[in-house]
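Below are the chains, spelled out letter by letter.
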Amino acid sequence: MTYNVSTTGSVATQELAASLAPFLRGGQVLELVSDLGGGKTTFVQGLAKGWGFGGDVGSPTFTINRVYHLKPELEVHHYDLYRLGDTGVVGDELAEDLNDPQVITVIEWADIARSQVPADRLTITFAVTAEDSRELSLVAGGPISGQILSQWQTSRESEATS
């Protein structure tokens, strides 16, 4: 299942992500794909806002991983594997997160960990169409991500007709 949507401006990208957040309840994996500056961190900022997270959400480019505690039983673990040649020790941590039903795992530059990333993930590809515009393609890789994408798409269509 695939869903395509356009955004103009970082606020619109964050609002789009915030609308997806309630459909992610733990145990899911999101793969974010784009060039540098494509909107991946902006999207994660929107997800965090959608969960009511009030803290700072930044790129984990230099820290490799950032953890956002949303509530006692739900966390987001945001990985940026861009600077790694292989996953090494980070791969062990990633493997734990991918199997934790209380963690939503968001991965940038997932090609480095391709063998560890489950097929049933929501892959979000950002294409820059103008300086402040993005075309997002969301692709579900299996039944769980497919259900999330279907429910979110139905919700967005219902809001558009209200």
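Before any of the text, the structure's been laid out above.
Everything numeric in this text was worked out from a predicted model, so none of it was measured.

## Topic: the overall build of the chain
Right, on to step 1. In terms of helices and strands, the chain carries four helices and seven strands.
Right, on to step 2. The buried share of the chain, taken over its 162 residues, is 47%.
Right, on to step 3. Of all intrachain contacts in the chain linking residues separated by at least 6 positions in sequence, the fraction that spans at least 24 positions is 62%.
Right, on to step 4. Accessible surface for the chain amounts to roughly 7,900 Å². Of this, 50% is attributable to carbon and sulfur atoms.

## So, the pattern of salt bridges
Right, on to step 1. Evaluation of the coordinates by the stated rule reveals one salt bridge.
Right, on to step 2. A salt bridge links Arg-121 to Glu-31, with the shortest nitrogen-to-oxygen separation between them at 2.7 Å. Linking Arg-121 in the loop between β5 (103-108) and β6 (122-130) with Glu-31 in strand β2 (residues 29-33), this pair joins segments that are 90 residues apart in sequence.

## Considerations on helix α2 (residues 40-50)
Each α-helix turn comprises 3.6 residues. Residues three or four places apart therefore point the same way.
Right, on to step 1. Most of α2 is tucked away, with eight of its 11 residues classed as buried.
Right, on to step 2. Regarding α2, the residues found buried are Lys-40, Thr-41, Thr-42, Phe-43, Val-44, Gly-46, Leu-47 and Ala-48.
Right, on to step 3. Where α2 terminates, the next one or two residues include Gly-52, which has phi positive at roughly 85°.

## With respect to the nonpolar core
Right, on to step 1. Formed by 31 residues in total, the largest nonpolar core has its most connected members in Leu-20, Leu-30, Phe-43, Leu-47, Ile-124 and Leu-138.
Right, on to step 2. Sort the elements by how many residues they give to this core and α2 lands first, with four residues.
Right, on to step 3. If we skip the residues at most four places from it in the chain, Leu-30 touches Leu-20, Leu-24, Phe-43, Leu-47, Ile-104, Thr-105, Val-106, Ile-107, Leu-122 and Ile-124.
Right, on to step 4. Counting nine residues, the second-largest nonpolar core is a separate cluster that includes Val-29, Leu-81, Ala-110 and Val-117.

## Focus: the packing of helix α1 (residues 10-20) against helix α4 (residues 143-161)
Right, on to step 1. Axis separation between α1 and α4 bottoms out at 10 Å; the angle between their running directions is 120°. Together, Leu-16, Ser-19 and Leu-20 of α1 and Ile-148, Trp-152 and Arg-156 of α4 make up the contact between the two elements.
Right, on to step 2. Split by residue class, the contact of α1 with α4 holds four nonpolar, one polar and one charged.

## So, the pairing of β2
Right, on to step 1. Within β2, four of the five residues are buried, which leaves it mostly tucked inside the rest of the structure.
Right, on to step 2. Bridging between β2 and β5 involves four bridges; their strand directions are parallel. The residue bridging Leu-32 from the neighbouring strand is Glu-108, located in β5.
Right, on to step 3. When β2 meets β6, the two strands line up parallel, connected through four bridges. Bridge assignment links Glu-31 to a residue of β6, and that residue is Thr-123.

Calculation criteria
- Residues numbered from 1 in each chain as written.
- Predicted model: local features only at pLDDT ≥ 70, side-chain atom pairs only at ≥ 80, totals over all residues.
- Heavy atoms only, no water.
- Helix = DSSP H or I, 4+ residues; strand = E, 2+ residues; numbered from the N terminus.
- Buried < 20%, exposed > 50% of the residue type's maximum accessible area, 1.4 Å probe, protein only.
- Contact = heavy atoms within 4.5 Å.
- Areas by Shrake-Rupley, 256 points an atom, 1.4 Å probe, with all protein chains shown as cover.
- Salt bridge = Lys/Arg side-chain N within 4 Å of Asp/Glu carboxyl O.
- Core = buried A, V, L, I, M, F, W, Y, C linked by side-chain atoms within 4.5 Å.
- Axes fitted to C-alpha atoms, helices over the stretch in contact; angles between N-to-C directions.
- Nonpolar A, V, L, I, M, F, W, Y, C, P; charged D, E, K, R; others polar.
- Pairing = 2+ DSSP bridges.

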